[in-house]
Amino acid sequence: MAVTPAAAQSNVDFTGTVATVCALSLPTNGTLGLNPAGNVLSSEYGLAGSVTVLSIGSNNLAVDAPIWQVAPPAGYNATGEALLVSYSGAAGLSAVNQAFTASDTSVPIGTLAAAVLTVNNRVTNSNGFAEGTYTTRTVVTCTP
């Protein structure tokens, strides 16, 4: 009677770790343009800004209301002004869509490849705008 050898067996295990990452890159500044009535200064009449978002894991995207980066020119009457922000996402951020607001906002985002967030600023003022340069800033933050 012949004896058959026992089969050899070996385990090959694999382990992987995915860390939560949220990164912002490639910011593009926008430009503000004046509407025909002269009471709205907005990137809608200029050019929107943008930032690329990379998210792995469960993260939050916070977008602050705009602030004056540089004080408005002399002669500007700030009575009745409103600084507003809106944003929308492309591709993996398509569910991220905020109409113009004067409030800070935060939205949850999941895992996505690099996606572009488009940001608009608007300043409304029934008094209009004095001649000069106006600069607003909106801070975008991504956190785990």
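Structure first, text after, so check above.
Owing to the predicted nature of the structure, the values given are computational and were not obtained by experimental measurement.

Q: Please set out the overall build of the chain residue by residue, giving values where relevant.
A: Across its full length, the chain holds 0 helices and 12 strands. For the chain, the N- to C-terminal ordering of α and β elements is β-β-β-β-β-β-β-β-β-β-β-β. The C-alpha radius of gyration of the chain comes to 25 Å, more than 25% above the 15 Å expected for a compact globule of 144 residues. Taking the principal axes of the C-alpha coordinates as reference, the chain spans close to 110 × 20 × 20 Å. When burial is assessed residue by residue, the chain has 31% of its 144 residues classed as buried. A fraction of 73% describes how many contacts in the chain between residues 6 or more apart in sequence connect residues 24 or more apart. Of the roughly 8700 Å² that the chain leaves accessible, carbon and sulfur atoms contribute 54%.

Q: An account of the nonpolar core is requested, with residue identities and associated values reported.
A: With 15 residues, the main nonpolar core has Val53, Leu61, Leu93, Ile109, Leu117 and Val140 as its most contacted residues. Elements with a minimum of two residues in this core: strand E4 (49-56), strand E5 (59-63), strand E7 (82-89), strand E10 (112-124) and strand E12 (140-143). At 4 residues, E10 tops the list of elements feeding residues into this core. Residues Leu41, Leu83, Val123 and Tyr134 belong to the second largest nonpolar core, which totals 6 residues.

Criteria and cut-off values
Residues numbered from 1 in each chain as written. Predicted model: local features only at pLDDT ≥ 70, side-chain atom pairs only at ≥ 80, totals over all residues. Heavy atoms only, no water. Helix = DSSP H or I, 4+ residues; strand = E, 2+ residues; numbered from the N terminus. Rg over C-alpha atoms; globule rule 2.2 N^0.38 Å. Buried < 20%, exposed > 50% of the residue type's maximum accessible area, 1.4 Å probe, protein only. Contact = heavy atoms within 4.5 Å. Areas by Shrake-Rupley, 256 points an atom, 1.4 Å probe, with all protein chains shown as cover. Core = buried A, V, L, I, M, F, W, Y, C linked by side-chain atoms within 4.5 Å.

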